[in-house]
Each structure stands twice: as structure tokens, then as C-alpha cells.
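# Structural overview
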Amino acid sequence: MTYKKSDQDQTSASTKVKTTTDLESKLKQLAASVPLSSIGTEDVYVDQAGKVGVMGNYQTVGHPEERKDAREKVTGEAVFGPDVEFPNMLYAAVYHSPYAHARILSYDLEDAKAVEGVVCVLTGKDVPGRFGAFIADQSTLAVDKVRYNGEPVVAIAAETAHAAKEAVQKVKVEYEELEAVTDPYEAMQPGAPLVHDNWSGYAHAADFTGRDGTNLCDYFPLRHGDVEKGFEEADIVVENTYRTAGVNHSTIELHVATAKFDIAKNRLTIWSPTQSPFMIRKQLAGLLGLKQSEVRIVCTYIGGGFGGKYEIKIEPIVAALAMHCQGRAVRLVYNRHEDYLAGCVRGGTVIKIKSACNRDGKMVAQKIENYFDTGAYSTTGPRINYNAGLAAISPYKIPNVWIDGYTVATNRQITSAYRGFGMPEYTFAFENQMDLLADKLGMDPYVFRMKNIYHTGDVSATGEILPEVGLEKCFKAAAQMIGWEKGDWRRHVTEDGKWRAKGMAGGIKLTGTPSSSSVVVRFNDDATVQVSQSGMELGQGAFTVIPQFVAERLGIPYENVSVVPVDTMYTPYEKTTTGSRVTFHVGNAAVRAAEDVIDQLCDLCAIGWEADRESIRFDKGVIFGPMGKKLVVKDIGKTSLMKEQDPILGRGTYSTSDIWDKPDPDTHASKKPTVQWFWAAQACEVEVDPKTGKIRILDYAAAQDVGRAINTMNCVQQVEGAVVMGMSHCMLEELLDDEQGHLLNGNMVDFKVATSQDTDFDIKVALIENPVSDNLYGARGIGEPPVVPPAAAISNAVSRACGGRILSIPLKCEKVLDAVKKGPYRKEAE
Amino acid sequence: MLPEFDLLIPKTLDEALTTLAERGNEIKVVAGGTDVYVSMHGKYQSFPAIMDIKHLQELKEFSFAEGKGAVIGALTTHHTLDRSEIIRAHYPALQEGASQVGSVQIRHRGTIGGNICNAVPSADTLGPLLVLDAKAVTISQQGRREIPLKDFFAGPKRTVIRADELLEKILLPDNESRRSAYIKFTRRNAMDLALLGASASLRVDEDGLARDVRISLTTCAPTPMRALHAEQVLEGKIPSEKLLKEAGLAASREASPRTSWRCTEEYRRENLKAIVPRVIATALARAREGVGIQ
């Protein structure tokens, strides 16, 4: 089924739905050949506006091509981090801090060293240097002090994994325990224990905004209009404090790395499932005093990343061991408990928010103070604060906006990137506020949102003229799919006494800007193509869509194009695989590389046909010359055009430095803070058991502005996966610690990630095609944006069903029951 | 990492019992290993020796006879109980318990005997077995002992089984017209421990009165417990909605759940008021219709 919205029908809330046999037959064919129950044709809606994509004239773009990594992964042939093995390899193990905050007084390592097979035992004293993307506050192994429960203190390499682990058990460290601080808001109060004495004592980025003598390592202000005046003049003001819990990525593949130092080459090689090979290469080179060319990062497949494999993590530990055991490979694989302790997390937040609107339903002002718990080290916290702070303007046009983002150190697990990068948290807060305002107005929350959403050409709160905003279409599609227009979004009671309601939320997110990408394409003389680039395949489909770009531009079959494994020694620079950036950025570089190939093919035709170069032109996979000369590119192998001519090597690069308008540090005003915005809207229906507080999701609708769906199936899967992940954050996941900062639930029984039994509801997906102009095919990022709205949409539905607002996630049954008991319908629950 | 231990794999029951008589105090008996090995990996427990009994055919009896009831060998897996038509028809609470233990893999591996001997308050088969008037039969070189399950638990993770004994089998009386039900309340819908559980078993006589009422609670005390006050609320009465609610209140009062970081006592008591009436209602509907799980 195709979601069609004709140009004449712009204002109607109920949009027409039309079937397009093209897409339907393609998907049916797909469903028949691949038993993927998730791809029902009724799930996919594509806006017709651009008349392209599946409905356009493209031969591979917009088609649900089979994933390039699918067969490798289902047969077990794919190599993941823990599969890396070498002859004569050493096995590493780590002794982690049992305390969240303590001074290290002494080490006793004699018994550990005495374990048979132990080759090397290192402490922080043996591994100098500190690293960090913004503040170099982190050491490979703790020095003088431990700052979180699980911090690596001693690293051991041994002939067997068993010996290494046994030695860890024999490590003795004497500590003096210090008072811990575990809440980001409390950590900002005067007199709170200090996690770090002085931020400025560490090497740091030039635009560093930490405050010495406090736990604040980064501050982000955004100012637009006059919020105080706005609150004075507004008819309705709502003020609340929201909290989101810390969550762990819980990837199937644990944190893992293997390192080997080759003496003659003076080269360190790391095998790692990293999302950021070039970033970790640079950081490791700096840390170890090596040249970048002396550090080689070989990327394995990533068994789940979600941001958790973005930063350097255990690579410095294996690197340090490898430098001490030269010539031998050293592998370290965390176990699940270690991964919870010393992997990384999305930190919790405390969000204070005040929102105001007028009787006519127009937003007037919004002020947000967000305290991000970045854990014991700053890591990428400042970047989360910045990216999310800019997007915290919300999907709604508000004339007066004030945002203060605080990145605060605590004695908890260290934070890193997590799919959504701060936006699920902000969105949970401001979308709950939208529902509260709508209720005070007595207005349908959908109508209220539609009155305030950004449209193409609107000026944003940072002063940007927003291009290609797909919000209206997203909201309409979500409302239509969930059946919002029927008006039964309101609370109602079922025959068996359950309470039901619907909820919705919008989504906004940006991609980190500026950044850069590069692609090198080798065109073989049988018209097959090998693409070298360093965007990582972490399940999102990078290795599938990049070939689609190249194949489409060259006009050759998708099957002809493959991606080579990512290795910093061979593949060209890529910033990172984060921020939903690869499809768009690498896609742009890939198109340019393909165009470079076309240029060279035309040169060869001119030579082969002895024709004037000016007379040669390329169109959709065919090169035309004078006097009816013609070459179908995919058939070049049947000719001798390439024989002993200059080999064809296409090069394409793309960066966004030129379009970026660096935001003002005091107000973050910017005419172009990001190369592209992501837009989404989601809605759901829930059922609450008012006697136990148990929640069931009955139905879910997710509409995503994808620009152009390069691979329809990948897009649908990305949205479905994101909804499930967001649902899990909203309903189940929560890292718990005690007052001293000890992690209580570092295992998969007690840290509850949703199972298939928790996703027993229909997820209807609308892919809204709203092509962006900066990409030849109009692609927009898709990885993170759909994980932004779920917590907000589900909590809005649950709070509406209960009749009382729940101000924190996860929505545990205790909180739901409490909301029922304090709500206006409590008598019905008795 | 598992600590080092002696692994003993007896070929016959006799051999197992002989070894246990000699050095039972230093031996941990393992069937599926789904609890013991996990605990050892987590360094919570270690033992000088492990006796793996999962191959002992003598502990795999599984039969049912009208009028006599069921004999369930200690090595019967949760999967077998889950898929058994007999269990489904006559002892639906046990089917509901066994079907919700851990994951599919764990249900294929884990056994009812292990679930009983591990004796945690959240064990999914124990609440159902209590309302089914189960008896445990232990065996040693000294002979057999028949112990009502309600007397089998000595405290959290402790039972009255001796170091020289093995749990041989579970006896369930033929419940005839009695029917049962189990509700497991969890935060997530699979692969979770019971935050709370409630089981009920009863029959309805010719006058419509509830008879032989048994109610048990899971994760509500240091051991799986019977809710005797709640049973008395219904025994010999016509079960009305009001009475079911009263039974829920009684169960909530007599339970002794604790507050931990996993859940508060207050919430657990509130929840019991909801799930106890529901589990009784389900058992009642089955008893009235004279059938098990459909």
C-alpha cells in the first residue's frame, strides 16, 4: 500500500491511501523469497511527492535489495571481534575497581604474577598518558584514584584465558573509599564530592566549557527571544522535572579487541569491531607516541554497536599489553558483567522544563535545563550536549526558547554515544509537556501539535531557514495509521476493566556537522566494482546502500558492486559511523567516485573509438559516441576498451565544512547548524492494568521522513528496530546502583532488555519520501531518528490512560500503579 | 570462569547413592546445571565435586494412572512437562509454571528436580506443586522417604534433603475434579524471574461450594508458601467476586514479601490483591468446566 498525499490535499488530516502495484509486487516477491514476517506490504507507505524511489525510474535505488552481509551472517562466515585468533596468541583479563570512588593506596601483584602462564601484569603506573575526545581525562588503567565501579585497574596477559582470569582473582589492591556522587543534579550542588579536581588540568578542546572545582565538564546554552517575558504573557504555563534512567547498549557482541605490535615494522595493529576506526587510530597514536601510519585498525563485523562501539574503550588496554609483549597478539573479550560495569552506557538525565502556550494553541515559550550524567569521565558527553542541545529546540516553532545543557561527571558507569544521542531524553520531556498543555487547553493533542510544527521555510530557533521539513506528513501518517482521527485517542475502559488510550510524539534530530567522507572505487574490466570506504556495517545496511548508490549512478547491476573490508591501512578516511550519517555522507562521496569513473570510462571510449572526447556522453549506464557508437557499461568486458589502458580508479570525497555556520558560543544562533535535520512522528495505543500497573502496547505507528528510501526493506527494519529499542528504554531498562555507586543489576536477568515476547504488537511503518536536495537521490539519515519518539509517545499514552502523569522512565509497574492511585479514576480501579 | 572441581558421572543410581553415602557432604548434585553452573560462573558458589546425574534412567519415570495420580521423575525436563497432555489436562498450574521457566533452551535442559532442590522463592514449579499436594520422594542407601512438598523447604535455597540422598520423583495425587492455575507476574514477558506468583487449586461440589482449596504464593516469603488464610476464606463457600477479593486481601496480609532493589514490599502486597483473585477465578472456571488448559 502506498501512502499518497496529493498536492491539492495539503490541509486534510485524513490522507488518501493508494495502492501501487509496483512496490507491492516487489515486496510480495521479497516476502515470498525471504521469510521475513516483518515486511508485510501493508507496512510500507511511500509518499508519492517525488515520483521516484520505487515508483521512480531507478534500477536499484528504492528497491529492497538483499543485504550484502546477509549470507555471511546467517551462515556464520562473518568474522566478529571475538572470532579473531592468531597462533601463539595471549589472552588478556582485567581487574576492575570494586569501588565507585576510592583512592588507590597500594597494589600487591605477587600472587597474580605467580600464576602459571602469566606473561604480563600492568597497572596505571605502567601505562602513561590520558585520552578523551574533548577532555583528555581518562587513563588506560586507573591512576591514583578509581572513579567508577568497574574502572579497569590492572590488566593481565597470559598464555591461556583461564590463567589470566585466575591471576585477576589474585590481584590485591588497597583502597581508601571516598564519598561517591551518583546523581547528575546532586553532583552540581555546592559541596558535592568532586569526581575530578580540575578539568583544565587535562589537555582539552579549544572550546572547552568545563568549570574547575565542580563536576561540570561541559555547558551548552541556547537562547532565542525572551523566555521570561513569554512566560509572563502566556495564558498557560506548565513546569515539571523529568528523569530518564541510564541504559546499557546490551549488544550481542561484547566489547572486544585484539592487538599485536610488530617490532620490525614498528607498527601496532588492532582488530576491533569499532564504529570509528580513524578516530581510534588518531587517539591511540597520540596516546602511544606513534605516527598515525604506524597504527593500523582492522575492522571486524560489529555485533551490535548503537553508539557503544564509537569511542576507544578496551583498545588502549590490549594495545598497552601488546606493546609489553611485542610480537604476540593479545586478545581481550569482556564478559557480560564486565560489559555492564566497564563498557559504556547512555547516562541518566534530570530535565527541568517550563513550557507555555496561549489559548489559541500557539506555543509561546520553553525553557529547559538538562543535567546529563556523563559518568566518571567526560567521554563524548560534550558532543551529546551540543548535538542534542541544538535539536532541543523541538519540532515545534516556539518564539522564545532557552536551553541550558549540563554535562556532569558522577561516580557512575561512563557514558558514550547511544543511538539517539540525547534526543530520546529531551523528547520524553518536551513531548509530555505538549500533552499537558493540550489537556489544559482542552485541545486534541494532535491538533495542538499540528498548530505548532515546523514547516519548510520556517525560521528555526537558531535562525536557520529550515529546508525540506517532513513533519506535517509524518504526523498525518502516524495519526492515520493509529486511527487518531476517529477521536478514540481519549481514555476509555474495556469490558474487562483495562484502561486504554493513545499517545503521540514528534521527533527531531540532527547529524554532527561538519564531517567528511571519502570513497575510492576500483572498476574492473568485467564491470564489477569494488568500493573502498570506511563507513561501518553495524546492521544498519551501510554495505548495502553504498553499493546501491554506486550501481545506480554507473547504471550497472547492484550485484556487480561490493564493499571491501574496512582497514585504515587500505580504505580511505571516514569520520565515524555515527549520527545517522553514513547513507547521506558516504552516499554523496560514492556518487562522486562513480562520476569520476564515468569520466574515465568516457575517456577510454574516446580513445577506443578514436573519437573526440567532447562527442562522448553518458546516460543511465550507456556511453554514447559519434556515428551510433554505443557502450552498455555493464557489458564492457565484451570489448577491449580497457585493455592496457589507464586503469579506472574513481575518487569521491564529501565534507560539510563549507555549508556549516559555526553556532555562536553564547546563544548557539546559527544559519546552518547541521547539514540535515531528521523528522519523525509516532503514535501508539496502550492498555494499562489498573490493578497491577502492567502496560501492554496494542498498536504502534511510526512515520519517518527518509528523504528517499534507498533500500525500502532496510528502512522499514531500521524503524521497527528503533521502535522496539525505544519501547524497551521506555518500559524496562534501567541501570540501578546503590548509594555508594555500586552497580546492582549488571546482568541480563536484572537489566531487562525487551524480548520478542514483549514486542507482540503491530508496528506500522510509513516511510515518508521527502527528498533532500544535497543528495543526488534525496537520501536522509534513518538510523537514529526513529528511536527518538517512542519513550515520549508510549508514556503519553500510558499517562493518559492512567489519568496521571508519570515523570520518569522506565514506566515500571510501581510507578503506573501509583499514577492510577493518585489519579482521578482511582475509584474505578478498586 | 568455573573453579576447579571433581566431576563425577555415575552410570547407575546405585553407584550414585554409594558415592553420596561416602562423600555426599562435598558433592553438589547437578541435573540440567542451569542454576548451579551459572552460580559457579558468577563465583557465588564452588564445590569440591559435582555429580552429574542427568543420564540416570532410574530418575526419568513419567506416568499417570486414573485414581492414583502422576509420578514425575526428578529428571523430567520443564519442556516435557510443558508439552505433556496429561499435565495440561489434570495439573494445568504445573504446565503454566513449567512453560514459563527461563528460555526455550533452559526448559529443555532444566528439570523439575533441579527446580525443587534449588529451592529459590521465585521457582516457577514450586507454587503449582504446593497447591497440587505434591510429595517428594527421596532415595538413599537407607531407603526412601516420602515428604510432603510443603515440609520440604527449610529456608531460602535450603531443603530437608540429606547429603546422602537424591530426589527420586514427585508424586501428584489424582486430582479428579480439582483444577488449578498459576499466574506469574514479571516485568518483561519472557526470560524473567517471577516478581510475584500465585497458584490456586480447588474443586466445586454439587452445591457449587469450593472444596479442597489450595492457594500458594511465589516470591512472597523465604520459601514458596501456602496462603492458608486465603484458602479458609473460600473453603466450603460459594465463590463470589467479593469472596475472591477477600481471599486476595487475606493473601496479601499473610504474605511476607520483602523490599529489595528489585521491588518494594508495598508493591508486592498491592499486586497480590490483584493476581490472587485472578488465579482463583481461572482455577474456578476450569473446575466448573471440568477441563484443564484449552
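Quick notes on the rules
- All chains use their own residue numbering, which begins from 1 and follows the written sequence.
- Chains and ligands are labelled sequentially in the order written, the chains with letters from A and the ligands with numbers from 1.
- Only residues with pLDDT of 70 or above have their local features reported here, since the model is predicted, and side-chain atom pairs are shown and tallied only from 80 upward, although totals for entire chains, interfaces and linings are computed over all residues.
- Each helix is a run of DSSP H or I of at least 4 residues and each strand a run of E of at least 2, with the numbering of both proceeding from the N terminus.
- Neighbour density around each residue's C-beta defines its exposure: 20 or more other C-beta atoms within 10 Å make it buried, 12 or fewer make it exposed, and counts between make it partly exposed, where C-beta atoms are placed from the backbone.
- Placing C-beta atoms from the backbone, we regard two residues as in contact once those atoms come within 7 Å.
- What the globule rule says is 2.2 Å times the number of residues to the power 0.38, and the radius of gyration is computed from C-alpha atoms.
- To get an axis, a line is fitted to the C-alpha atoms, and for a helix only the part in contact is used. The angle between two axes follows their N-to-C directions and goes from 0 to 180 degrees.
- Gly is placed with the polar residues, together with every amino acid not listed as nonpolar (Ala, Val, Leu, Ile, Met, Phe, Trp, Tyr, Cys and Pro) or charged (Asp, Glu, Lys and Arg).
- How far each domain reaches was decided by an automatic or database domain assignment.
- Angles are sorted into four bins: roughly parallel if under 35 degrees, roughly antiparallel if over 145, roughly perpendicular if 65 to 115, and oblique for all others.
- Each crossing gets its handedness from the near helix: less than a right angle anticlockwise from the far helix is left-handed, clockwise is right-handed.
- Between any two strands, pairing holds if DSSP finds at least two bridges.
- Here the expected length of a helix is defined as 1.5 Å per residue gap, with one fewer gap than residues.
- Each residue is assigned a bend, namely the angle between axes fitted to the seven residues that terminate at it and the seven residues that start at it.
- Take the buried Ala, Val, Leu, Ile, Met, Phe, Trp, Tyr and Cys residues, join any whose C-beta atoms are within 7 Å, and the set you get is a nonpolar core.

### Some words on the overall build of chain A
A count of helices and strands for chain A gives 17 helices and 35 strands. Overall, chain A is about 85 × 75 × 50 Å in size when its C-alpha atoms are taken along their principal axes. The buried share of chain A, taken over its 830 residues, is 59%. Across chain A, the fraction of contacts at a sequence separation of at least 24, relative to all contacts at a separation of at least 6, is 78%.

### Here we look at the overall build of chain B
Along the backbone of chain B there are 11 helices and 14 strands. For 294 residues, the compact-globule estimate of 2.2 N^0.38 gives 19 Å, and the C-alpha radius of gyration of chain B, at 19 Å, lies within 12% of that figure. For chain B, with 294 residues in total, the buried portion stands at 50%. Considering only residue pairs separated by 6 or more positions, chain B has 65% of its internal contacts joining residues 24 or more positions apart.

### Section: the environment of Gln95(B)
All names here are of chain B. Among the structural elements, Gln95 can be located in helix 5 (residues 92–98). C-alpha separation for the pair Gln95 and Ser240, spaced 145 residues apart in sequence, amounts to 26 Å. Residue contacts for Gln95: discarding those within four places in its chain leaves Leu81, Asp82, Ile87, Arg88 and Ile293.

### Examining the packing of helix 16 (residues 790–802) of chain A against helix 17 (residues 813–822) of chain A
Residue and element names in this part refer to chain A. Close contact between helix 16 and helix 17 brings their axes to 9 Å; oriented N to C, the two are set at 40°. Contact residues: helix 16 offers Val798, Ser799 and Cys802, while helix 17 offers Val816, Ala819 and Val820. Of the residues belonging to the contact of helix 16 with helix 17, the class tally is 5 nonpolar, 1 polar and no charged.

### Comments concerning the domain arrangement of chain A
Think of interface size as the accessible area that goes away when the parts come together; that is how it is often given. All names here are of chain A. Examined at the domain level, chain A breaks down into domain 1 (1–65 + 480–509 + 673–732 + 742–830), domain 2 (81–178 + 256–333), domain 3 (207–254 + 344–452) and domain 4 (515–655). Placing the centre of domain 2 and that of domain 4 at their C-alpha centroids yields a distance of 39 Å. Each partner contributes to the interface: domain 2 provides 16 residues, whereas domain 4 provides 15 residues. Among the secondary structure elements, those contributing two or more residues to the side of domain 2 that touches domain 4 are helix 6 (277–288) and strand 17 (295–299). Among the residues making up the side of domain 2 that touches domain 4, the classes are represented as 9 nonpolar, 5 polar and 2 charged.

### Re the packing of helix 6 of chain A against helix 7 (residues 315–324) of chain A
Angle between the axes and distance between the axes are the two parameters that describe a pair of packed helices. Residues and elements named next belong to chain A. Close contact between helix 6 and helix 7 brings their axes to 11 Å; oriented N to C, the two are set at 45°. The angle between the axes of helix 6 and helix 7 places the two elements in the oblique class. With respect to the hand of their crossing, helix 6 and helix 7 are arranged in right-handed fashion. From helix 6, Ile280, Leu284, Leu287 and Leu288 reach across to helix 7, where they touch Glu315, Pro316, Ala319 and Met323. Per-class residue counts for the contact of helix 6 with helix 7 are 7 nonpolar, no polar and 1 charged.

### Examining the interface of chain B and chain A
On the chain A side, the residues contacting the 16 residues of chain B number 15 residues. Ranked by residue count, the leading element in the side of chain B that touches chain A is helix 11 (residues 265–289) of chain B, at 5 residues. Grouping the amino acids of the side of chain B that touches chain A by side-chain chemistry returns 9 nonpolar, 3 polar and 4 charged.

### Points about the sheet that holds strand 10 (residues 166–172) of chain B
Adjacent strands of a sheet form backbone hydrogen bonds with each other and so pair up, either parallel or antiparallel. Residues and elements named next belong to chain B. An order of 4-5-10-6-7 is seen for the 5 strands of this open sheet, with the pairing classed as antiparallel. Because the sheet does not close on itself, it has two edges, and the strands there are strand 4 (62–65) and strand 7 (143–148). Here the strands of the sheet are splayed against their neighbours by 20° on average, with no regard to which way each runs. Where strand 5 (residues 69–73) and strand 10 come together, 4 bridges link them in antiparallel fashion. Counterpart to Ile72 in the pairing with strand 10 is Ile170.

### Side note on helix 7 of chain A
Across the 10 residues of helix 7 of chain A, 8 count as buried, placing the element largely inside the fold. Among the residues of helix 7 of chain A, those classed as buried are Glu315(A), Pro316(A), Ile317(A), Val318(A), Ala319(A), Ala320(A), Leu321(A) and Ala322(A).

### Thoughts on the environment of Leu441(A)
Residue and element names in this part refer to chain A. With respect to the helices and strands, the residue Leu441 is situated in helix 10 (residues 423–441). As a C-alpha pair, Leu441 and Asp235 span 206 residues in sequence and 9.5 Å in three-dimensional space. Ignoring anything within four residues of it in the chain, the contact list for Leu441 reads Ile236, Cys357, Gly361 and Phe448.

### Some details on helix 11 of chain B
Residues and elements named next belong to chain B. Along its 25 residues, helix 11 runs 36 Å from first to last C-alpha, staying within 8% of the 36 Å computed at 1.5 Å per residue. Its maximal kink placed at Leu272, helix 11 deviates by approximately 30°. Remark: Gly290 follows helix 11 within two positions and exhibits a positive phi of approximately 65°.

### Quick word on the sheet that holds strand 9 (residues 145–146) of chain A
All names here are of chain A. On the basis of which strands lie adjacent, the open sheet formed by 3 strands has the order 9-5-11 and antiparallel pairing. What marks the edges here is a single partner per strand, and that holds for strand 9 and strand 11 (172–177). Of the strand pairs in this sheet, strand 5 (residues 102–108) and strand 11 are connected by 6 bridges, and their pairing is antiparallel. Within the sheet, the bridge partner assigned to Asp108 lies in strand 11 and is Lys172.

### Some words on the environment of Thr374(A)
Residues and elements named next belong to chain A. With respect to the helices and strands, Thr374 occurs in strand 21 (residues 363–375). Expressed as a C-alpha distance, the spacing of Thr374 and Ile297, which sit 77 residues apart in the sequence, is 27 Å. Residue contacts for Thr374: discarding those within four places in its chain leaves Cys217, Gly347, Thr379, Gly381, Thr407, Val408, Ala409 and Thr415.

### A short note on the nonpolar core
Residues and elements named next belong to chain A. Ala92, Ile156, Leu321 and Ala478 are the most contacted members of the largest nonpolar core, which has 339 residues in total. Among the elements that line this core, the one with the most residues is helix 14 (residues 582–608), at 14 residues. Leave out the neighbours within four places in its chain, and Ile156 touches Ala92, Ala93, Ala112, Val118, Cys120, Val121, Ala164, Ala167 and Val168.

### Brief notes about the pairing of strand 6 (residues 118–123) of chain A
All names here are of chain A. Counting buried positions along strand 6 yields 5 of 6 residues, so the element is predominantly enclosed. Bridging between strand 6 and strand 10 (residues 152–158) involves 5 bridges; their strand directions are antiparallel. What sits directly across from Val118, in strand 10, is Ala158.

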